Amino acid sequence: MPNAVMLFAAGFGTRMGALTADTPKPLIKVAGKPLLDHALSLTEGIATRVVNAHYLADQITAHLKGRDVHVSVEQPEILDTGGGLRFALPTLGTQPVYTLNTDAIWNGPNALGLLREAWDPGRMDALLMCVPLSRAVGRKTGGDFALQSDGRLTRKGDLVYTGAQIIKTDGLADIDEAAFSLNKLWNAQAEAGRLFGVTYPGHWCDVGHPEGIRLAEDMLNV
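A brief structural summary. (Residues numbered from 1 in each chain as written. Predicted model: local features only at pLDDT ≥ 70, side-chain atom pairs only at ≥ 80, totals over all residues. Heavy atoms only, no water.)

1. What about the sheet that holds strand β9 (residues 136-137)?
Reading across from one edge, β7-β14-β9 is the order of the 3 strands in this open sheet, with mixed pairing throughout. A strand with exactly one partner marks an edge of an open sheet, and here the two such strands are β7 (104-107) and β9. Sheet analysis places β9 next to strand β14 (residues 203-206), joined by 2 bridges and oriented parallel. In the strand pairing of β14, V137 is matched with C205. (Pairing = 2+ DSSP bridges. Helix = DSSP H or I, 4+ residues; strand = E, 2+ residues; numbered from the N terminus.)

Structure (structure tokens):
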């Protein structure tokens with residue numbers, strides 16, 4: 001079972017507009033607490049926790065000082081999700097890992113715990129937590145995936161990828177680019193019939209844009 005988690009916090013947060021001019025998106029507050037801290041609260045009990053940083057990385061590093069969290073600073077270039085995950089592997093190790101986006105708020109059970117319960121490494125190379133569009137608060141576009149009867153994922157459907165997953169990382173070594181999206185690895189896993197999904201039973205809010213802050217606080221009833 002996974003015992004390491006990668007939290008993605010390196011992005012520029014351009015959809016946030018002026019809010020991220022001087023503050024990295026993961027440190028924007030929702031319900032009085034930075035988005036990064038909301039995400040970290042889901043990772044308690046996981047032995048190895050890594051947060052990547054690039055844009056205003058010094059603020060991320062300072063915020064995490066004194067905590068049992070490793071910071072993987074990507075310089076001079078940002079590496080995207082796939083490249084960033086591969087860059088952090090010396091700390092994360094060689095076993096499957098959780099990954100978690102930091103620009104979302106959850107209202108329901110811990111998604112990482114649900115992933116752990118459903119994880120079957122004999123059948124799966126990745127297990128993605130998805131939520132139906134009807135419970136994806138603040139989502140401005142359509143879905144990402146469809147869930148088949150056997151639990152496998154296919155592209156295009158009414159399920160939104162939430163940014164939480166368990167994934168095997170060995171396939172990252174086969175990708176030539178330094179900076180690349182995890183979509184490249186998912187595509188290979190899907191072709192092998194080993195990309196799976198599970199549906200989140202609660203509500204999830206995208207806080208990648210300014211109005212997402214209010215929507216998330218409304219969802220949490222605060």
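After that view, the rundown keeps rolling.
2. Quick notes on the pairing of β14
Along any regular strand the residues' side chains alternate between the sheet's two faces. Summarising the sheet, β7 and β14 pair through 4 bridges and their orientation is antiparallel. Bridging from a neighbouring strand, A104 pairs with D206 of β14.

3. Let's talk about the packing of aromatic side chains
Here the structure, examined in full by the defined rule, presents 4 aromatic pairs. Ring centres of F12 and Y55 lie 5.6 Å apart, and the angle between their planes is 50 degrees; this geometry places the pair in the tilted category. With a gap of 43 residues between them, F12 in the loop between β1 (4-8) and β2 (29-30) and Y55 in the loop between β4 (48-53) and α2 (57-64) connect regions that are remote in the sequence. Its relative accessible area of 18% is what places Y55 among the buried residues. Here the aromatic cluster, defined as three or more aromatic residues joined through ring pairs, consists of F145, Y161 and W186. (Phe/Tyr/Trp six-rings, centres within 6.5 Å; stacked < 30°, edge-to-face > 60°. Buried < 20%, exposed > 50% of the residue type's maximum accessible area, 1.4 Å probe, protein only.)

4. Re the pairing of strand β12 (residues 159-167)
The buried count for β12 comes to 9 of 9 residues, which makes it a mostly enclosed element. Bridging between strand β6 (residues 97-101) and β12 involves 4 bridges; their strand directions are antiparallel. Directly across from T99, in β12, lies its bridge partner Q165. Relative to β12, strand β8 (residues 126-132) runs antiparallel, the two sharing 6 bridges. Residue pairing for β12: P132 is matched across the bridge by L159.

5. Comments concerning the environment of F12
Since its relative accessible area comes to 40%, F12 is described here as partly exposed. Leave out the neighbours within four places in its chain, and F12 touches T20, H54, Y55 and I78. (Contact = heavy atoms within 4.5 Å.)

6. Regarding the pattern of salt bridges
Side chains carrying opposite charge are able to pair once their charged atoms draw close together. According to the stated counting rule, one finds 10 salt bridges in the structure shown. Between R15 and D206 there is a salt bridge whose closest N-O contact spans 3.4 Å. Pair noted here: R15 is in the loop between β1 and β2 and D206 is in strand β14, with a separation of 191 residues, a long-range link. In this structure R15 comes out as partly exposed when scored by relative accessible area, which is 47%. (Salt bridge = Lys/Arg side-chain N within 4 Å of Asp/Glu carboxyl O.)

7. What to know about the nonpolar core
Among the nonpolar cores identified, the biggest contains 34 residues, and V51, L100, W106, L112 and A164 are the most heavily contacted of them. Ignoring any residue separated from it by four or fewer positions in sequence, one finds A164 in contact with T99, L100, W106, A111, L112, L115, L127, L128 and M129. L89, V97, L153 and L195 belong to the second-largest nonpolar core, a separate cluster that totals 24 residues. (Core = buried A, V, L, I, M, F, W, Y, C linked by side-chain atoms within 4.5 Å.)

8. Here's the deal with the state of the cysteines
Where two cysteines share a covalent bond between their sulfur atoms, that bond is called a disulfide. Applying the stated criterion to the full structure yields 0 disulfides. Just so you know, C130 is unpaired, no disulfide at all, and the nearest cysteine sulfur is the one on C205, 17 Å from it. Judged by its relative accessible area of 0%, C130 falls in the buried class. For C205, a relative accessible area of 0% corresponds to the buried category. (Disulfide = S-S within 2.5 Å.)

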